Amino acid sequence: MSRHASEERRWWQAAVIYQVYPRSFADGDGDGVGDLAGLLARLPYIASLGVDGIWVTPFQPSPQVDQGYDVSDYCGVDPLFGTMQQFDDLLAAAHALGLRILLDVVPNHCSSEHPLFRAAVAAGPGSLERELFHFEDGPDGDTPPNNWQSVFGGRAWSRADPSSETDLQWYLHLFSPQQPDWNWRNPAVGDYFEGVLRFWFDKGVDGLRVDVAHALVKAEGLPDAASTTTVTDGLRSNAQVSDQEEVHEVYRRWRRVAASYSPERVLVGEVNLEPARAARYTRHDELHQAFAYAFVKLRWDAEAWAAVGTDLEVGRREHGAPPTWALENHDVVRSATRFGGGERGALRARAGLLAILGLPGGAYIYQGQELTLPEVDVPLEARVDPMWTRGGVSRDGARVPLPWTVAPDNAFGFSPSGAAEPWLPAPAEWGSRSVEAHQQDGGSTLHLVIAALELRKQLFEKEVLQPDDGGTWRVEDGGLLVCERNDQFLVAVAMGEGSVRLPAGDVVVSSSPLTAEGLLPPDAAAWVLRG
Ligand code: GLC
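Residues numbered from 1 in each chain as written. Predicted model: local features only at pLDDT ≥ 70, side-chain atom pairs only at ≥ 80, totals over all residues. Heavy atoms only, no water.

(A) Structural view of the site of the ligand. The environment of the ligand is made up of 14 residues, and the closest members are Asp 66, His 109, Asp 211, Glu 270 and Asp 331. Contact distances for the ligand include 2.6 Å between an oxygen atom and a side-chain N or O atom of Asp 66. Glu 270 is positioned such that a nitrogen or oxygen atom in its side chain is 2.8 Å from an oxygen atom of the ligand. In the complex, the protein chains occlude 96% of the 310 Å² of accessible area that the ligand would expose alone. Here the shell around the ligand is built from residues that sort into four nonpolar, three polar and seven charged. (Near = heavy atom within 4 Å. Polar contact = N/O pair within 3.5 Å; in protein donor to acceptor, adjacent residues only side chain to side chain. Areas by Shrake-Rupley, 256 points an atom, 1.4 Å probe, with all protein chains shown as cover. Nonpolar A, V, L, I, M, F, W, Y, C, P; charged D, E, K, R; others polar.)

So, in structure tokens, the structure goes:
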């Protein structure tokens, strides 16, 4: 195989993917909710960043209880977002622009409106239909089968038919009651999802992001969890609820399906486990990538970054799968706010983004991260996240529609003129953070991202960077975080209070200008080429 062909087969190892949350990206039809038409119209913007592709979160038919993560038809397009023809057009347009498209697949649970769940409820206890889900008897109609808690708060069980005196069964939902969990110990579920994968792969979709990838298979017999807090804290491997050995068989099968296509389709998992456990999902015959989830949760702390970075090396060393970096997604507090808020938070978010674009492996940018958007304090009455209503934690603040224009008209350019109010209100200062404002300012984060991605491409072409580089992490005096990628290139981040001297070499890009003495100022990152 030629070098080019083998690189083409492993494009994902070093890919930078832009995450699109379609409800909040661009509204094409004027109903106040972003959609496929809006995304199609704005694709050139994404291509202009220099990313390799996009990951689009769910737009399939759904009652939208969990903003699309409650899927009632895995192979369709919700009219809220458009039509299948529009999706086909989007796919063709993306490919014409050189962008790959990854979609979200949600295999842990579906919507309670999914026809197979409706049929299971109707078919009653003991039916084959109910075996597709986790229907169980409790000790009585008031006590659920075990002590598991929902990630969104409250118990993880609801009665199939609360009004029935004869049907006293409960069904499992790790998330909201409108999201019943599939029973992955039933082979029919595996067959069903193979069909879903093939449907999108046959269309030419380049890959799938696997929602809650670690939780599909539950412990045999559904025993009580040792502690109800670990049920909701995904980062700890939970012996009863998630991270079961059998789940790896699911991904071996999916990898075979992905590899049967040319070019090979890619699977990236949302594996919310500690790095050593998460790495096991990227063994050579399983998922291609797993998000560095431990990283997504980090604060501005050099020791913590170095520790997690070192832990994440396990996947590359043991299984040949480099880390997949992300600092943000639609579920976590925006990094500008997480890193301290205000001016400093914004500087740090910008530095953090430049850093991950230089680290060995792939990277994901969440829409708006290139604008250093902060978390929005969405007014209480406007919050819609089910995690807020059930558990008191709102993810709405990271999901506010993207500002496109400086002027506030049409929700800062998110919607066409005459449109309905956007589904989440934007703060008054949104215009100063808009795409247009960034485009007009040569020193903006948007321009930094474009320059960094161009440089990244050149460094790969010159073979200074390699897809399978490792990462050696350390913290130097003054809080300088250093990740040495190879003997020619390192990433440094000034995480202490003062300016710091960089290791010897040429600074090829930095998130803030160096001081007159050539030091890296606090809250800044740099890429250093060593002689
Ligand atoms: C994942 C999604 C999140 C969703 C949850 C349940 O964590 O990213 O948005 O609420 O799964 O599907």
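Anyway, onward from the coordinates.
(B) Looking closely at the state of the cysteines. Under the definition given, this model contains zero disulfides. In this model Cys 110 remains outside any disulfide bridge; the closest cysteine sulfur is found in Cys 75, 13 Å from its own. (Disulfide = S-S within 2.5 Å.)

(C) Molecular detail of the pattern of salt bridges. This structure, assessed with the given rule, holds 33 salt bridges. Across the pair Arg 255 and Glu 264 runs a salt bridge whose closest N-O atoms are separated by 3.1 Å. Where Glu 484 meets Arg 530, a salt bridge forms, and the shortest distance between an N and an O atom there is 3.3 Å. Here Arg 530 lies in the segment after strand E16 (525-529) and Glu 484 lies in strand E13 (residues 480-486), a separation of 46 residues in the sequence. By relative accessible area, which is 24% here, Arg 530 ends up partly exposed. Connected through shared salt-bridge partners, Asp 66, Asp 331, Asp 385, Arg 395 and Arg 399 make up one network. (Salt bridge = Lys/Arg side-chain N within 4 Å of Asp/Glu carboxyl O. Helix = DSSP H or I, 4+ residues; strand = E, 2+ residues; numbered from the N terminus. Buried < 20%, exposed > 50% of the residue type's maximum accessible area, 1.4 Å probe, protein only.)

(D) Seen up close, the environment of Ser 444. Inspection of the secondary structure puts Ser 444 in the loop between helix H15 (435-440) and helix H16 (445-461). For the pair formed by Ser 444 and Asn 410, sequence separation is 34 residues and the distance between their alpha carbons is 24 Å. Excluding residues that lie within four positions of it along the chain, Ser 444 makes contacts with Arg 350 and His 438. (Contact = heavy atoms within 4.5 Å.)

(E) Examining helix H2 (residues 36-49) more closely. Between its first and last C-alpha atoms H2 spans 19 Å; for 14 residues at 1.5 Å apiece the expected length is 20 Å, and the two agree. Along its length, H2 reaches its greatest deviation from straightness, about 50°, at Arg 42, and the proline Pro 44 lies no more than four positions downstream. Along H2, the residues that are buried comprise Leu 36, Gly 38, Leu 39, Leu 43, Tyr 45, Ile 46 and Leu 49. Where H2 is buried, its residues meet strand E1 (16-20), strand E2 (53-56), helix H3 (84-96), H15 and H16. Two residues or fewer past H2, Gly 50 is found with a positive phi of approximately 95°. (Expected span 1.5 Å × (residues − 1). Bend = angle between axes of the 7 residues up to and from the residue.)

(F) Region of the structure containing the side chain of Ser 242. Mapped onto the elements, Ser 242 comes out in the loop between helix H6 (228-232) and helix H7 (247-259). Contact partners of Ser 242, with chain neighbours within four places excluded, come to His 214, Ala 215, Val 217 and Leu 273.

(G) Local environment of the packing of aromatic side chains. One pass over the structure, following the stated rule, counts 36 aromatic pairs. Plain terms: the ring middles of Tyr 74 and Tyr 192 are 6.0 Å apart, the flat faces sit at 80° to each other, and that makes the pair edge-to-face. Here Tyr 74 is found in the loop between E2 and H3, whereas its partner Tyr 192 is found in helix H5 (residues 187-203), with 118 residues between them in sequence. Here Tyr 74 falls in the buried class, since its relative accessible area comes to 3%. A network of ring pairs unites the aromatic residues Tyr 74, Phe 117, Phe 133, Phe 135, Tyr 171, Trp 182, Trp 184, Tyr 192, Phe 193, Tyr 251, Trp 254 and Tyr 281 as a single cluster. Across from the ring centre of Trp 404, 4.0 Å away, lies the NZ or CZ of Arg 42, which sits over that ring. (Phe/Tyr/Trp six-rings, centres within 6.5 Å; stacked < 30°, edge-to-face > 60°. Lys NZ or Arg CZ within 6 Å of the ring centre and 35° of its normal.)

(H) Molecular detail of the sheet that holds strand E15 (residues 506-510). If you trace the five strands from one edge of the open sheet to the other, you get E12-E13-E14-E16-E15, paired in antiparallel fashion. Each end of this open sheet is capped by a strand with a single partner; those strands are strand E12 (472-476) and E15. Neighbour to neighbour, the strand axes of the sheet diverge by 25° on average, direction disregarded. Looking at chain direction, E15 and E16 are connected through four bridges and run antiparallel. When the bridges of E16 are listed, Val 507 appears paired with Val 528. Running over the sheet, helix H10 (residues 302-319) touches E12 and E13 and is turned about 165° from E12. (Pairing = 2+ DSSP bridges. Axes fitted to C-alpha atoms, helices over the stretch in contact; angles between N-to-C directions.)

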